[in-house]
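Given next are the chains, with one letter for each unit.
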Amino acid sequence: MNRENRQAYLNWFLLSLFYAYQYLLRVYPGTFTDNIRESFNFSAHEFATLGTYCTLIYSCMQIPFGILLDRVNIRRLILFSFGLCLTGQFLFTHTHSILCAQWGRILIGIGAAPAFMSTVKMVSDSFADKLCGIFIGITCTLGTIVVILG
């Protein structure tokens, strides 16, 4: 295996890990509903906004990030996205304010948006067509397994 192939496999693996990480960030508040509501003293309505904002922003950012992905380097986009996810997670976990928690979830939604499409683009650019499906499938499976185990 030459250096380019190793780099492609490493890039795919790292992007898949980021996809699994952001997937976990997006869904975990739903699994810890009682703990989060008790810790932050959120009402049911306030708690519901956390998932709604994250999912709404995540969905709305798919098209702009898709356009951006065609124009910018994947590495820069993913580093920016990862930074947004980390910042959003920090805001969410280190506050007692609903507004700060909501902003944290919004940042997570923005940061999570390009994860899967970046992985798919990298796979389609780096591997033969006959291997793309398996790598994309493994990426989806990895994300789901991390959420189940997490």
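Quick caveat: nothing in here was measured; it's all calculated off a predicted structure.

A. Geometry of the packing of helix H5 (residues 74-93) against helix H6 (residues 98-112). Where H5 contacts H6, the two axes come as close as 7 Å, and the packing angle between them is 160 degrees. In terms of their interaxial angle, H5 and H6 are classed as roughly antiparallel. For the pair H5 and H6, the sense of crossing is left-handed. Contacts between H5 and H6 involve Ser81, Leu84, Cys85, Thr87, Gly88, Gln89, Leu91 and Phe92 on the former and, on the latter, Cys100, Ala101, Gly104, Arg105, Leu107, Ile108, Ile110, Gly111 and Ala112. Residues that form the contact of H5 with H6 fall into these classes: 10 nonpolar, six polar and one charged.

B. Region of interest: the layout of surface pockets. Of the pockets and cavities examined, the largest pocket occupies roughly 390 Å³. Listed by contribution, the elements that provide at least two residues to the lining of the largest pocket are helix H1 (3-31), H5 and helix H7 (115-126). Per-element accounting of the lining of the largest pocket gives the leading share, six residues, to H1. In the lining of the largest pocket, the residues fall into 10 nonpolar, three polar and one charged.

What counts and what doesn't
- Residues numbered from 1 in each chain as written.
- Predicted model: local features only at pLDDT ≥ 70, side-chain atom pairs only at ≥ 80, totals over all residues.
- Heavy atoms only, no water.
- Axes fitted to C-alpha atoms, helices over the stretch in contact; angles between N-to-C directions.
- Helix = DSSP H or I, 4+ residues; strand = E, 2+ residues; numbered from the N terminus.
- Parallel < 35°, antiparallel > 145°, perpendicular 65-115°, else oblique.
- Left-handed = near helix turned anticlockwise from the far one by under 90°.
- Contact = heavy atoms within 4.5 Å.
- Nonpolar A, V, L, I, M, F, W, Y, C, P; charged D, E, K, R; others polar.
- 1 Å grid on protein atoms, 1.4 Å probe; cavity = no way out; pocket = protein on both sides within 12 Å on 5 of 7 lines; lining within 4 Å.
- Points joined across faces, edges and corners; volume = space filled by probe spheres on them.

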